[in-house]
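Chain by chain, the residues:
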Amino acid sequence: MITYLVRRLLAAAGVLVLVALLTYWIFFALSPDPAVMICGKTCTPDRIDQIRATLGVDQPFMTQFFTFLGGIFMGRTYGSGEGAIECAAPCLGFSFQTNQSVLDMIAERMPVSITIAVGAAILWLLIGVSAGVISAVKQGSWWDKAAMMVALSGISLPNYFIALVLQYVLVVELQILPFPSTPAFGEDPLFWFQSYIMPWSILAFGYASLYARLTRANMIDTLGENFVRTARAKGLSSMLVLRRHALRPSLTPIVTMFGMDFAGLLGGALITETVFGLNGVGKMTSDAISKNDQPVIMGVTLMAALFVIVGNIIVDVLYTTLDPRVRTKVA
Amino acid sequence: MSMLPVGLMAETGEVTAEEGGGTGPNRGRSTTLRRVTTAMLASPAAMLSALFIVLIVLVAIAAPLLVKLSGWDPFQYDDTAINADLGGLPNLPWGGVSAEHWFGVEPQSGRDVFARIVYGARVSLSIAFSAAAITTVVGVVLGMLAGFLGGWVDQVISRIMDFLMAFPSLIFMIALLSALPAGNRPVLLVVVLCIFGWPYTARVIRGQTMSLAQREFVEAAQASGASKSAIVFKEILPNLTGTIIVLVTLAVPSYIGTEAALSFLGVGVVPPTPSWGQMIATAVPWYATDPMFFFVPGLFLFLTVLSFTVFGDHLSRAIDTGETSK
């Protein structure tokens, strides 16, 4: 188990470096010169050279990349002498737009993204999985048909579209809910809940639809297996068969998917946050993209990749405890 | 799999993962075709969605003609349809729907929404179809190679697939598209969709090829001295037909959705060229004052994605039942 973990972690580090290299290269090769952008309209060639030197973008590609990587592990210093700026490890650089440290920017917005991700995840797991299980058990019933129809629309409706339709109906027309925002929990829990409920539901709708379909399909497969038939033949009640025998094998693939989806969301619910104007990591990313703020995009991409990869490892380790068949292979 | 707003990509893997077995030796193919067709014809949902798909494809192809019929091209401004005193809102209620402008007009410019929807269908569908075609070819070839040859070939291909699938792809696609120079946006979109799309096809094909390679008819071909490429293309490929068709029908809606999302976020198709996602983005500031303008492109996007998904679902089930009942 230990060697397995070490191997996985090493591989993960490799993938991260590769992601960083690729992203860095894309911006190096394709983007307009950041020095010109920072310098603005009143700019002299001398000033551009100076900014280039401070940012280190006058260096060859590999030197730049390794300085960037080094900054993450050991920190780095921008410029030299009087105007030098220290950036402690893990240094992701500074935003071109606001001059803020990218790490601080991410840390500042992380709580909002976590709140959105956790709330939505609770909703979609509860609704998606239970709807899927009930549909599988009552296959072909009215419930099943209705639930699967809703699930189909859930995966076909663009969430930015329903987000605004819902906002129009609930906020503008009926005025049941306030416009979504990101208040602190402590001040007014009810208002906090009302402000987040729409983003949670919108995000959860798509995922719940997917999970309901997957759970149903897995469950139907499992219910047809021999060990379930044996359990039934032993005279166990259908509830007991479901709980003891059928649920676990049907849900293991869901765990994998959930790990990936949740980890992905921690990197920011880009569309949902942008549509509702919620100031999380996702909104920050889309703002950074529209302003071509490379250090921020770079930082978020790396962080999102880190979450997905770590999520993946956690899921695989969990798998070994959930699924006895995998346990022997790993140990 | 959070790359898509609704994660449709995961769907392609899921549906076909149930498929397992493959279609067996190809002698029964004409009967299979007949059986699948009968099953599809018997389902009203499948037929309705097929009807809508055909309609949208025809509309996309005939766009220039339809626009002549309606009298307005997608770039033409119509000042008489909007009211400058109201900030450019359409003169008529319901987004300016009238005999003149069938789906209303765009606020401020007065451009014809029908023409933009019709041309948008062209853009959205051609991007999705091209991406689906390319990812299918690449995915099938690499998937078959990995599954059939195994060894280091499989290792290399599988590691690349793992890498691409463990990637925060939505963020990355956006970053890539925003960094790339403007150029030919639709082509760039196809390229980006393909880079992240092919592993989902290849993964399924690889699995099926591996199980098909164990079957008797492949062994028989091997024993009779057939070359590797002959086995792959003459024995294995024909048996993957069903899977491939299902994968394509489910890939198309996921690409339509992703293209729309990217265009909605402003890194996809650039104005004045219309695309549905971009039309929704344009309508965002107007969603409260001119809901119709916001609603129309969303409805078309929804119905198109839904139709492809329903059709693909039924198709995969129709092909599946035959296998299990055999």
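Because the structure is predicted, anything quoted here is derived from the model rather than measured.

Just to check I follow, could you spell out the overall build of chain B for this structure?
Regarding its fold elements, chain B presents 14 helices and 2 strands. In chain B, once contacts between residues fewer than 6 apart in sequence are set aside, the share between residues at least 24 apart is 76%.

What should I look at first to understand the overall build of chain A in this one?
Assigned secondary structure in chain A consists of 14 helices and 2 strands. The principal-axis extent of the C-alpha atoms belonging to chain A is close to 85 × 60 × 35 Å. Counting over 331 residues, chain A shows a buried share of 48%. Considering only contacts in chain A between residues 6 or more positions apart, those separated by 24 or more positions represent 63%. Of the roughly 16100 Å² that chain A leaves accessible, carbon and sulfur atoms contribute 66%. Positive and negative side-chain charges of chain A, numbering 22 and 20 respectively, have mean locations separated by a distance of 19 Å.

Help me understand the packing of aromatic side chains in this model?
The geometry of two aromatic rings is summed up by the distance between their centres and the angle between their planes. Using the criterion set out here, one finds 16 aromatic pairs over all chains in the structure. Judged by centre distance (5.1 Å) and plane angle (25°), the ring pair of F161 of chain A and F294 of chain B falls under stacked. In this pair, F161 of chain A is assigned in helix 7 (residues 159-173) and F294 of chain B in helix 14 (residues 291-325), connecting two distinct chains. There is no split in this pair, since F161 of chain A and F294 of chain B are both buried. Taken together, W124, Y207, Y211, F258 and F262 of chain A form an aromatic cluster joined through their ring pairs. Positioned over the ring face of W142 of chain A is K145 of chain A, at 5.5 Å from the centre of the ring.

What am I meant to see in the side chain of T209 of chain B here?
Residues and elements named next belong to chain B. With respect to the helices and strands, T209 occurs in helix 9 (residues 185-212). We classify T209 as buried; its relative accessible area is 0%. Discounting residues that sit within four places of it in the chain, T209 has contacts with G143, M144, G147, F148, I236 and L240.

Just checking my understanding: could you explain the interface of chain B and chain A for this structure?
Frequently, the measure chosen for interface size is the accessible area removed from exposure when the parts meet. Listed per partner, the contact involves 46 residues of chain B and 48 residues of chain A. Summed over both sides, the interface of chain B with chain A buries roughly 4000 Å², with 77% coming from carbon and sulfur. Remark: the boundary between chain B and chain A carries 1 salt bridge. The shortest N-O distance in the salt bridge between D313 of chain B and R213 of chain A comes to 3.1 Å. Connecting chain B to chain A are 1 residue pair in polar contact (both at pLDDT 80 or more). Elements with a minimum of two residues in the side of chain B that touches chain A: helix 1 (8-17), helix 7 (151-165), helix 8 (169-179), helix 12 (241-264), helix 13 (276-283) and helix 14 of chain B. Here the side of chain B that touches chain A takes 12 residues from helix 14 of chain B, the largest share from any one element. A per-class count over the side of chain B that touches chain A returns 36 nonpolar, 6 polar and 4 charged.

When you look at the domain arrangement of chain A in this model, what are you seeing that I'm missing?
All names here are of chain A. For chain A, the domain assignment lists domain 1 (34-91) and domain 2 (102-330). A straight line from the C-alpha centre of domain 1 to that of domain 2 covers 40 Å. Between domain 1 and domain 2, the residue contacts involve 5 residues of the former and 6 residues of the latter. Between domain 1 and domain 2, a total of about 380 Å² is buried, with carbon and sulfur atoms accounting for 78% of that surface.

For this particular structure, what's the right way to read helix 10 (residues 216-223) of chain B?
Since one α-helical turn is 3.6 residues long, residues separated by three or four positions face the same way. Residues and elements named next belong to chain B. Of the positions making up helix 10, those classed as buried are F217, V218 and A221. One face of helix 10 carries all of its buried residues, which in axial projection span an arc of 105°. What points out from helix 10, more than 90 degrees from its buried face, is the exposed set E216 and A223. The elements touched by buried residues of helix 10 are helix 9 and helix 11 (228-239). Of the residues flanking the end of helix 10, it is G225, one or two places downstream, whose phi is positive at about 85°.

Help me understand the packing of helix 9 of chain B against helix 12 of chain B, please; the structure alone is not making it clear to me.
When two helices pack together, their arrangement is given by the angle between the helix axes and by the axis-to-axis distance. Residues and elements named next belong to chain B. Contact geometry for helix 9 and helix 12: axes closest at 11 Å, N-to-C directions at 150°. Considering their axes alone, helix 9 and helix 12 lie roughly antiparallel with respect to each other. Here the hand of the crossing between helix 9 and helix 12 comes out right-handed. Together, L189, L193, G197, T201, V204, I205 and Q208 of helix 9 and T243, I244, L247, Y255, T258, E259 and L262 of helix 12 make up the contact between the two elements. Of the residues belonging to the contact of helix 9 with helix 12, the class tally is 8 nonpolar, 5 polar and 1 charged.

Whenever I open this one, the environment of G197 of chain B confuses me. Can you help?
Residues and elements named next belong to chain B. For G197, the position within the fold is in helix 9. Assessed through its relative accessible area of 1%, G197 is described here as buried. With 71 residues separating them in the primary sequence, G197 and S126 have C-alpha atoms 16 Å apart.

Explanation requested: the pattern of salt bridges in the structure shown.
On inspection of all chains with the given rule, the structure shows 5 salt bridges over all chains. For K283 of chain A, the salt bridge identified is with D287 of chain A, shortest N-O distance 3.2 Å. Of this pair, K283 of chain A and D287 of chain A both sit in helix 12 (residues 281-290), 4 residues apart, roughly one helical turn. Its salt-bridge partner being R206 of chain B, residue D154 of chain B comes within 2.7 Å of it at the nearest N-O pair. Of this pair, D154 of chain B sits in helix 7 while R206 of chain B sits in helix 9, and the two are 52 residues apart along the sequence.

How should I be thinking about the nonpolar core in this particular structure?
When a protein is soluble and globular, its nonpolar side chains tend to lie buried together. Counting 158 residues, the largest nonpolar core has W124 and Y160 of chain A as the members making the most contacts within it. Each of domain 1 (34-91) and domain 2 (102-330) of chain A gives at least three residues to this core. Not counting residues within four places of it along the chain, the set of residues in contact with Y160 of chain A comprises I271 and V275 of chain A together with A260, A261, F264, G277, I280 and L301 of chain B. Ranked by size, the runner-up nonpolar core spans 15 residues in total, among them V140, L212, I236 and L240 of chain B.

Would you mind going over the packing of helix 7 of chain B against helix 9 of chain B with me for this structure?
All names here are of chain B. Two elements in contact, helix 7 and helix 9, have axes whose closest approach is 9 Å; the angle formed by their N-to-C orientations is 130°. Classed by the angle they form, the pair helix 7 and helix 9 counts as oblique. In this structure, the crossing between helix 7 and helix 9 has a hand that is left-handed. Residue-level contacts link D154, S158, I160, M161, L164 and M165 of helix 7 to I195, F196, W198, P199, Y200, A202, R203 and R206 of helix 9.

What exactly am I supposed to notice about helix 7 of chain B here?
For helix 7 of chain B, spanning 15 residues, the distance from its first C-alpha to its last is 21 Å, which sits close to the expected 21 Å at 1.5 Å a residue. Turning to helix 7 of chain B, its buried residues are V153, D154, I157, S158, M161, F163, L164 and M165 of chain B.

Explain the environment of P253 of chain A here, please?
All names here are of chain A. Summarising the element assignment, P253 is placed in helix 10 (residues 238-266). Spatially, the C-alpha atoms of P253 and N218 are 8.3 Å apart, while their sequence positions differ by 35 residues. Among residues more than four places away in sequence, those in contact with P253 are N218 and Y319.

The rules we used
Residues numbered from 1 in each chain as written. Chains lettered and ligands numbered in written order. Predicted model: local features only at pLDDT ≥ 70, side-chain atom pairs only at ≥ 80, totals over all residues. Heavy atoms only, no water. Helix = DSSP H or I, 4+ residues; strand = E, 2+ residues; numbered from the N terminus. Contact = heavy atoms within 4.5 Å. Buried < 20%, exposed > 50% of the residue type's maximum accessible area, 1.4 Å probe, protein only. Areas by Shrake-Rupley, 256 points an atom, 1.4 Å probe, with all protein chains shown as cover. Lys, Arg positive; Asp, Glu negative; His and termini not counted. Charge placed at Lys NZ, Arg CZ, Asp CG, Glu CD. Phe/Tyr/Trp six-rings, centres within 6.5 Å; stacked < 30°, edge-to-face > 60°. Lys NZ or Arg CZ within 6 Å of the ring centre and 35° of its normal. Buried area = accessible area lost by both parts, 1.4 Å probe. Salt bridge = Lys/Arg side-chain N within 4 Å of Asp/Glu carboxyl O. Polar contact = N/O pair within 3.5 Å; in protein donor to acceptor, adjacent residues only side chain to side chain. Nonpolar A, V, L, I, M, F, W, Y, C, P; charged D, E, K, R; others polar. Domains from an automatic or database assignment. Arc of directions from axis to C-beta. Axes fitted to C-alpha atoms, helices over the stretch in contact; angles between N-to-C directions. Parallel < 35°, antiparallel > 145°, perpendicular 65-115°, else oblique. Left-handed = near helix turned anticlockwise from the far one by under 90°. Core = buried A, V, L, I, M, F, W, Y, C linked by side-chain atoms within 4.5 Å. Expected span 1.5 Å × (residues − 1).

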